[in-house]
Amino acid sequence: MNILILGSGGREHTIAWKIAQSSKCEKLFVAPGNSGTATIATNISISVTDFNAIKETVLSNDISMVVVGPEDPLVQGVHDFFLTDDALKNVAVIGPQKAAAELEGSKEFAKEFLFRHNIPTAAYQSFNASNVNDGYAFLETLKPPYVLKADGLAAGKGVVILDDIEEAKAELKAMLVDAKFGNASTKVVIEEFLDGIELSCFVLTDGKNYKILPTAKDYKRIGEGDTGLNTGGMGAISPVPFADETFMEKIKNRVVIPTINGLQKDNLPYKGFVFIGLIKVGEDPFVIEYNVRLGDPETEVVLPRLKNDLVDVFNAVANQTLDAIEIEIDDRAATTVMLVSGGYPEAYEKGKIISGIENIKDSIVFHAGAQEKDGDIVTSGGRVMAITSYGETYKEAIKKSYQNIEKLHFDKMNYRKDIGFDL
Ligand code: AMP
Ligand code: GLY
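Here is a short report on the structure shown in this document. Every value quoted in this text rests on a predicted model; they were computed, and no experiment measured them.

1. Some details on the side chain of Lys 18
Then, number 1: Here Lys 18 shows up in helix α1 (residues 10-20).
Then, number 2: Asp 309 is the oppositely charged side chain nearest to the buried, salt-bridge-free Lys 18, at an N-O distance of 7.4 Å.
Then, number 3: The residues touching Lys 18, leaving out its near neighbours within four places in the chain, are Leu 303, Leu 306, Lys 307, Asn 308 and Leu 310.

2. Some words on the packing of aromatic side chains
Then, number 1: All told, the structure shown has eleven aromatic pairs when counted by the stated rule.
Then, number 2: Ring centres of Phe 51 and Phe 81 lie 5.3 Å apart, and the angle between their planes is 50 degrees; on these two criteria the pair is classed as tilted. A residue pair is termed long-range when its members are at least 10 positions apart, and Phe 51 in helix α2 (residues 51-60) and Phe 81 in helix α4 (residues 78-83) qualify at 30 residues.
Then, number 3: Between Phe 113 and Tyr 290, the ring centres sit 5.8 Å apart and the planes meet at 80 degrees, which makes this aromatic pair edge-to-face. In this pair, Phe 113 sits in helix α6 (residues 107-116) while Tyr 290 sits in strand β17 (residues 284-291), placing the two residues 177 residues apart along the sequence.
Then, number 4: Note on Phe 113: relative accessible area 0%, which makes it buried.
Then, number 5: Its relative accessible area of 2% is what places Tyr 290 among the buried residues.

3. Overview of helix α8 (residues 165-176)
Then, number 1: The first and last C-alpha atoms of α8 sit 16 Å apart over twelve residues, in line with the 16 Å expected at 1.5 Å per residue.
Then, number 2: Of the residues making up α8, those classed as buried are Ile 165, Ala 168, Lys 169, Glu 171, Leu 172, Ala 174, Met 175 and Leu 176.

4. A few points about the site of ligand 1
Then, number 1: Residues in close proximity to ligand 1 total 14 residues, the closest being Glu 191, Glu 192, Leu 194, Glu 198 and Glu 289.
Then, number 2: Side-chain polar atom of Glu 191 to a nitrogen atom of ligand 1: 2.6 Å apart, as the coordinates give it.
Then, number 3: Contact distances for ligand 1 include 2.7 Å between an oxygen atom and a side-chain N or O atom of Glu 289.
Then, number 4: Protein chains bury 87% of the 470 Å² of accessible surface belonging to ligand 1 in isolation.

5. Structural notes on unusual backbone geometry
Then, number 1: Cis geometry marks the peptide bond from Pro 144 to Pro 145, where omega comes out at -5 degrees.
Then, number 2: Inspection of the secondary structure puts Pro 145 in the loop between α7 (132-141) and β7 (146-150).
Then, number 3: Residue Ser 238 is joined to Pro 239 through a cis peptide bond whose omega torsion reads -5 degrees.
Then, number 4: Secondary-structure assignment places Pro 239 in the loop between β15 (235-238) and α9 (245-265).
Then, number 5: Residues other than glycine seldom take positive phi values, yet Asp 62 does so here, at roughly 55 degrees.
Then, number 6: Within the element layout of this structure, Asp 62 appears in the loop between α2 and β4 (63-68).

6. Remarks on the sheet that holds strand β10 (residues 197-205)
Then, number 1: Spatial ordering of the open sheet is given by β11-β10-β16-β17, a layout of four strands whose pairing is antiparallel. If you trace the sheet from one side to the other, it starts and ends with β11 (210-212) and β17, each paired once. Adjacent strand axes in the sheet meet at a mean angle of 35 degrees when their direction is disregarded.
Then, number 2: Relative to strand β16 (residues 272-281), β10 runs antiparallel, the two sharing nine bridges. If you follow Val 203 over to β16, its bridge partner there is Val 274.

7. A look at α6
Then, number 1: Buried residues of α6: Lys 107, Glu 108, Ala 110, Lys 111, Phe 113 and Leu 114, and no others.
Then, number 2: Two residues or fewer after α6 comes Asn 118, characterised by a positive phi angle close to 55 degrees.

8. Structural notes on the nonpolar core
Then, number 1: Formed by 49 residues in total, the largest nonpolar core has its most connected members in Leu 4, Val 58, Val 66, Phe 82, Ile 251, Ile 276 and Tyr 290.
Then, number 2: Here the element with the most residues in this core is α9; it accounts for seven residues.
Then, number 3: The contact partners of Tyr 290, leaving out residues within four places of it in the chain, are Leu 103, Glu 104, Ala 110, Phe 113, Leu 114, Ile 119, Thr 259, Val 274, Phe 275 and Ile 276.
Then, number 4: Of all hydrophobic cores here, the second largest spans 45 residues; its members include Met 65, Leu 204, Leu 303 and Ala 386.

9. With respect to the site of ligand 2
Then, number 1: Taken together, Asp 218, Gly 232, Phe 275, Arg 293, Gly 295, Asp 296, Pro 297 and Glu 298 are the residues near ligand 2.
Then, number 2: Residue Arg 293 places a side-chain N or O atom 3.0 Å away from an oxygen atom belonging to ligand 2.
Then, number 3: One nitrogen or oxygen atom from the side chain of Glu 298 is found 2.9 Å from a nitrogen atom belonging to ligand 2.
Then, number 4: For ligand 2, whose free accessible area comes to 200 Å², the fraction covered by protein is 86%.
Then, number 5: Counted by class, the shell around ligand 2 contains two nonpolar, two polar and four charged residues.

10. Looking at the pairing of strand β1 (residues 2-7)
Then, number 1: Counting buried positions along β1 gives six out of six residues, so the element sits mostly inside the fold.
Then, number 2: Burial of β1 is two-sided: the residues Asn 2, Leu 4 and Leu 6 facing one way and the residues Ile 3, Ile 5 and Gly 7 facing the other way are all buried.
Then, number 3: Here β1 pairs with β4 via five bridges, running parallel. Within β4, the position partnered with Ile 3 by the bridge is Met 65.
Then, number 4: Looking at chain direction, β1 and strand β2 (residues 28-32) are connected through five bridges and run parallel. Along β2, the bridge assignment pairs Leu 4 with Phe 29.

Calculation criteria
- Residues numbered from 1 in each chain as written.
- Chains lettered and ligands numbered in written order.
- Predicted model: local features only at pLDDT ≥ 70, side-chain atom pairs only at ≥ 80, totals over all residues.
- Heavy atoms only, no water.
- Helix = DSSP H or I, 4+ residues; strand = E, 2+ residues; numbered from the N terminus.
- Buried < 20%, exposed > 50% of the residue type's maximum accessible area, 1.4 Å probe, protein only.
- Lys, Arg positive; Asp, Glu negative; His and termini not counted.
- Salt bridge = Lys/Arg side-chain N within 4 Å of Asp/Glu carboxyl O.
- Contact = heavy atoms within 4.5 Å.
- Phe/Tyr/Trp six-rings, centres within 6.5 Å; stacked < 30°, edge-to-face > 60°.
- Expected span 1.5 Å × (residues − 1).
- Near = heavy atom within 4 Å.
- Polar contact = N/O pair within 3.5 Å; in protein donor to acceptor, adjacent residues only side chain to side chain.
- Areas by Shrake-Rupley, 256 points an atom, 1.4 Å probe, with all protein chains shown as cover.
- Pairing = 2+ DSSP bridges.
- Axes fitted to C-alpha atoms, helices over the stretch in contact; angles between N-to-C directions.
- Core = buried A, V, L, I, M, F, W, Y, C linked by side-chain atoms within 4.5 Å.
- Nonpolar A, V, L, I, M, F, W, Y, C, P; charged D, E, K, R; others polar.

This is a description of form; function is not addressed.
This is the structure we're talking about:
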């Protein structure tokens, strides 16, 4: 079968790398893709939210499966677009329908879902511009730090955590009254701060059955020791060493099963990945957020540990036969380190030539913000490439990634040298 992947990051290069290993995939396309996907698939230069261009691509290339990488097309209803079009309705789409994608598209929707299904999460209230004074009063009832979340998609920047009550009130006003995040902050969720260590659990569901995939931990801050600005993610490790069997049982029983059952009870059609952001408080898991897709760079450590043929797994998702699939996980640890452009996550330059990729033998180079230009691979984004390695332990794997990074170069290249420091 011919398959199209939507997206252009390290996540999409990893999905393409995994799908390209399947004998079931004849032609593989990535839209828009990057210099990494170009080596194993055909890149198509269209936007992931241009549904008509996607339709045209699918029909002209006889594509029968579309795997959606990022959240935007899902929240905008790409799966529903396919189902309601006679020419596209038989194409398998991996990713939830619009109603279910609201789990990521709206923090308030996600919190209501969590409470409705008794899934452990922080206490919260939500506010809009008309009751901003109630928001100030609610903040007064909480202990610092104060967690404020713009309701809608804000490119990963919509969560603000502040220690000072006056700053928290000013932030609430900036979001609600001054539209700091545009439409995304028309509503704001204020929630109780949870103190613990974070991890992510990945689940694949066909809407009826589910499979738990490896856990991962990502490193979001730009600076070593988890300091400085938030990024899309600077590195990741799988499995998460503290997510032992007892803790995973709790995640399964208290979070995963109620989530899958909740989707069915609420009639939220879901064929795709559920990325559950968790925090371990004491010995208990609490949900911080849902994402309706795989994470980046978590994918770069989760999929390399999956032994199954990914096309078989996706076909089972499409046909609602995931119960017949036995998920096989590589026992080895996987780690990834993200190389970023100097200055990222603030302003940075693009177009820097990346050298040394051909010298890397025992790590996998997943391209992210990188494009081919006149025979060179050049930087085209903040997060440039992820260097993934396997090891008997995560320490061994991370060492390999760092050794190989020494062989890579581009002007103002930056990366965190302490991935896994807190484990
Ligand atoms: P989110 O965009 O929802 O993943 O939130 C971004 C980050 O904010 C998370 O990865 C956590 O580090 C932090 N965070 C979100 N909600 C809470 C909370 N209730 N308590 C503590 N930290 C939180
Ligand atoms: N690494 C976090 C995310 O993909 O949302």
